[in-house]
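Listed below, chain by chain, are the residues.
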Amino acid sequence: MRFQYTEKKVTLPENVHKYAEKKVMKLERFFGDDADALVTFSVEKNRNVAEITVHAANTYFRASESTSDMFASVDAAVATIERQIRKNKTRLSRRLRQDAFVRTSDVTSFAPDEPEESTFELVRTKKFNMKPMTREEAILQMNLLEHTFFAFRDEDQGGAFAVVYKRTDGGYGLIEDAE
């Protein structure tokens, strides 16, 4: 597993990085060696925030936890990712390592700043490769990223662009091209 660390508005000693690496390495049994882990540390309003994003097998797992202690934040974020994997283990089993579940001893946002009439300010542009996937896989990926929507290429519709989203009633919606 390859690691990358980012610190926002905080400078941490090396032992925090080593601790995070040790904890995230526990997830390696699910992914194998071909995984990338991005660990972001920050401090917001006297809360220590640890955000962990793991990219493996064309799937992203993300967890962000905030506590009064950076070590506890790392522990909680790793536990959240483990919960995500276990909760969705049947759906993820074909993407992760073959023996991953055998028991052993990594958005676009718009600013609502009331722009002038017919003038919109694009705040951020994000590019990514959209892989063809089924609607169920898209919903799973959206839930793993903890997003409210997810754009993808729909395998069932010959690779057409589609968007799944969370509805306020708890269900899911699909936006697809009418053609």
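Since we're looking at a predicted model, the values are computed, not measured.

1. Looking at the environment of Phe-150
- The topology assignment puts Phe-150 in strand 6 (residues 149–154).
- With 14 residues separating them along the chain, Phe-150 and Val-164 place their C-alpha atoms 5.4 Å apart.
- Once residues lying within four places of it in the same chain are set aside, the contact partners of Phe-150 are Met-133, Ala-138, Gln-141, Met-142, Leu-145, Ala-162, Val-163 and Val-164.

2. Focus: the pattern of salt bridges
- Inspection of the entire model under this criterion finds eight salt bridges.
- Residue Asp-34 is joined to Arg-2 by a salt bridge in which the shortest nitrogen-to-oxygen separation is 3.5 Å. Here Asp-34, found in the loop between helix 2 (28–31) and strand 2 (36–44), pairs with Arg-2, found in strand 1 (residues 2–8); they are 32 residues apart in sequence, far enough to count as distant.
- By relative accessible area, which is 56% here, Asp-34 ends up exposed.
- Classification of Arg-2 as partly exposed rests on a relative accessible area of 44%.
- Between Asp-169 and Arg-167 there is a salt bridge, and its shortest N-O distance comes to 3.3 Å.
- Each of Arg-2, Asp-34 and Asp-36 takes part in one network of salt bridges that share partners.

3. A look at the confidence of the model for the protein
- The pLDDT averaged across the protein works out to 82; a share of 83% of its residues lies at or above 70.
- When mean pLDDT is taken per element in the protein, strand 8 (residues 172–176) scores highest with 93 and helix 4 (residues 89–92) scores lowest with 70.
- Taken as a whole, residues 105–118 scores under 50 in pLDDT and shows 19 contacts with residues more than four places along the chain or in a different chain.

4. Considerations on unusual backbone geometry
- The residue Asn-46 is not glycine, and still its phi comes out positive at about 60°.
- Tracing the chain through its elements places Asn-46 in the loop between strand 2 and strand 3 (47–56).
- Of the residues examined, Asn-46 reaches a relative accessible area of 73% and is grouped as exposed.
- Non-glycine residue Glu-146 carries a positive phi angle of around 60°.
- Mapped onto the elements of the fold, Glu-146 is located in the loop between helix 5 (135–145) and strand 6.

Cut-offs applied
Residues numbered from 1 in each chain as written. Predicted model: local features only at pLDDT ≥ 70, side-chain atom pairs only at ≥ 80, totals over all residues. Heavy atoms only, no water. Helix = DSSP H or I, 4+ residues; strand = E, 2+ residues; numbered from the N terminus. Contact = heavy atoms within 4.5 Å. Salt bridge = Lys/Arg side-chain N within 4 Å of Asp/Glu carboxyl O. Buried < 20%, exposed > 50% of the residue type's maximum accessible area, 1.4 Å probe, protein only. pLDDT = per-residue confidence, 0-100.

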